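Architecture at a glance
So you can see what is in the structure, the chains are spelled out below.
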Amino acid sequence: MNRKVYFLIAASMVLSLLLGAQEKKPNILFILVDDLRPAIGAYGDSVAITPNMDKLAAQGFRFEQAYSNQAVCAPSRFNLLLGSRSTSSGIYGFGQNFRDYYPDAVTLPQYFKQHGYHTESMGKVFHIGHGTYADEQSWSVPHHKELVIEYVDSASKALGFTREEALFSNQEARGLPRGFAWESPDVADDAYADGRVAQRAVDRLRELKSQPNQPFFLAVGFARPHLPFSVPEKYWALYEESKLPLPRHSVRPEGTPSYAVKYGVEIDQYVPIPERVTEAAFPDSLTRKLIHGYYAGVSYVDTQVGKVLDELSALGLDENTIVVLWGDHGYMLGDMGMWTKHVNYELANHIPLIIAAPSMVQPGTHTAQLTETVDIYPTLVELAGLPAPKVPQPLDGLSMVPVLKDPEARVRDHAYHSFPRGGRLGRAIRTDRYRMVEWKKIGQTTGTVEYELYDYQHGLREVENIAKERQDVLKALQAILARHPAPMRERGAP
């Protein structure tokens, strides 16, 4: 073989390798955390001890103003996995399965599956429980389910099978006892589901590493800091309870409609919470204990996230893997006298969203671009170089890739979310400064429409409804809301 031919062949081989590297699809590691508000050091939370999520934020891109489309577990996960807002799908609650209404829908992981990816999930990804089930069409292998409600302490287990354990197992809960709101036994991480999920994720990454030509979409769902705050004692020991700050504002917003707030939903299913929760604040000792338990849960999950990310790096998979960390909705810790979620207020809807995409984003970058859960679907599709999705279900999301390239770019001028309460639907518009909530019955064309309007210039707690005083702002936000289609009636509603 002469030298010229040799060099031509060698050049051809190098070019083929380069083209192959360019065409290699990135893996997706999607980390979902239940009930996680931005209680992360990287988001400015001075209480949270979260070194692993902080590290991910330093390596990735942080969306500072990301919002859920509905502040409750099952619909918020449908919002994510379908790319559809609740007001577009008509799915606002539990006991609904989207394929009953959209049998040919293509979920986010299913879209990747259709484009040659191995898709797999473990832990809490779709909400399973309360009459809602997993979607097997989304995955290449059966979903690996784990517990959301779990007790290991002997005193807790002495209660027997509890209401919430039954509901999350799609079993009858009537007549069963309430479980404890927290426990802190001296046990290993894998005594609880999240520790086992982390280990399974590590094991699966090792197996997937052995298939270098098979791109994967791996969804890893963690249950804490969802109630009960049941995590190993060492995570409670990270915090000094007496020094944890109490809520600065513990009463409902002045001038808010009575049906817009909530007090006893979910939190009252646990001991020692009163069975009838009112607007009266809990004693400081109980409030601090619950706040302590929440942050212990956050730190426990942070450690599990770290185990998965460390293994991803140790295997060298981080160089071609897009990592997403997402909280399904925000959380209220006695703020305005309310606990958990299920309302249209800031702390119930503000979520963490971090995307680390090697060579695609500038590490440690952040943006104030308003972002919604539904935006993740088209963003990941574009990042992976897949064709723009054309799917049967409504697709409300906008790709945030322009923002990932330039944090000052703006794709949205507002975020939109909703929540039904008191027989009405509240639809919310959140701009950089204000939130407006429109309250009316779905399908209503006449009659009373009520509004809430809040100004966040001086803090992220709703203090006073200024809808009547600031008609100029109200009208501007009404015009934005008018750009959205009329909301779907709730599926199955009369």
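Above: the structure in question.
Per-chain numbering applies: the sequence of each chain, read as written, is numbered from 1 onward. pLDDT decides what is reported in this predicted model: residues at 70 or higher carry local features, side-chain atom pairs at 80 or more are listed and counted, and totals for whole chains, interfaces and linings draw on all residues regardless. Side-chain numbers here rest on the full set of heavy atoms in the structure, without hydrogens or water.

With respect to helix α8 (residues 193–209)
Over its 17 residues, α8 runs 24 Å from end to end, which matches the ideal 24 Å to within 8%, given 1.5 Å per residue. Of the surrounding secondary structure, the elements contacted by the buried residues of α8 are β3 (118–123), β6 (216–222) and α10 (284–314). By definition, any uninterrupted DSSP run of H or I lasting at least four residues is a helix, any uninterrupted run of E lasting at least two residues is a strand, and each is numbered from the N terminus. Multiply 1.5 Å by the residue count of a helix minus one, and that product is the helix's expected span. For this analysis, residues touch if any pair of their heavy atoms sits within 4.5 Å.

Details of the sheet that holds strand β16 (residues 434–440)
Between any two strands, pairing holds if DSSP finds at least two bridges. With antiparallel pairing, 4 strands are arranged side by side in an open sheet as β14-β15-β16-β17. The two strands at the open ends of the sheet, each matched to only one other strand, are β14 (415–421) and β17 (450–455). Averaged over neighbouring strand pairs, the angle between their axes works out to 15° when direction is ignored. Across 6 bridges, the pairing between strand β15 (residues 424–430) and β16 is antiparallel. When the bridges of β16 are listed, Leu425 appears paired with Lys440. To get an axis, fit a line to the C-alpha atoms, keeping to the stretch in contact for a helix; angles then go from 0 to 180 degrees between the N-to-C directions.

Considering the packing of aromatic side chains
Note on aromatic pairs: the rings of Phe, Tyr and Trp (six-membered ring only in Trp) are paired at centre separations within 6.5 Å, and the planes decide the class, stacked below 30 degrees, edge-to-face beyond 60, tilted for the rest. Inspection of the entire model under this criterion finds 18 aromatic pairs. Measuring from ring centre to ring centre gives 6.2 Å for Phe229 and Tyr294, while their planes differ by 85°; the resulting arrangement is edge-to-face. Of this pair, Phe229 sits in strand β7 (residues 229–230) while Tyr294 is found in helix α10, placing the two residues 65 residues apart along the sequence. The residues Phe229 and Tyr294 share a single accessibility class, namely buried. Centroid distance Tyr345 to Tyr454: 5.9 Å. Interplanar angle 80°. Geometry classified as edge-to-face. Linking Tyr345 in the loop between β11 (339–340) and α11 (346–349) with Tyr454 in strand β17, this pair joins segments that are 109 residues apart in sequence. An identical accessibility class is assigned to Tyr345 and Tyr454; each is buried. Taken together, Phe229, Tyr239, Tyr294, Tyr295 and Tyr331 form an aromatic cluster joined through their ring pairs. Each residue's exposure class comes from its accessible area (1.4 Å probe, protein chains only) as a fraction of the maximum for that residue type: buried when under 20%, exposed when over 50%, partly exposed otherwise.

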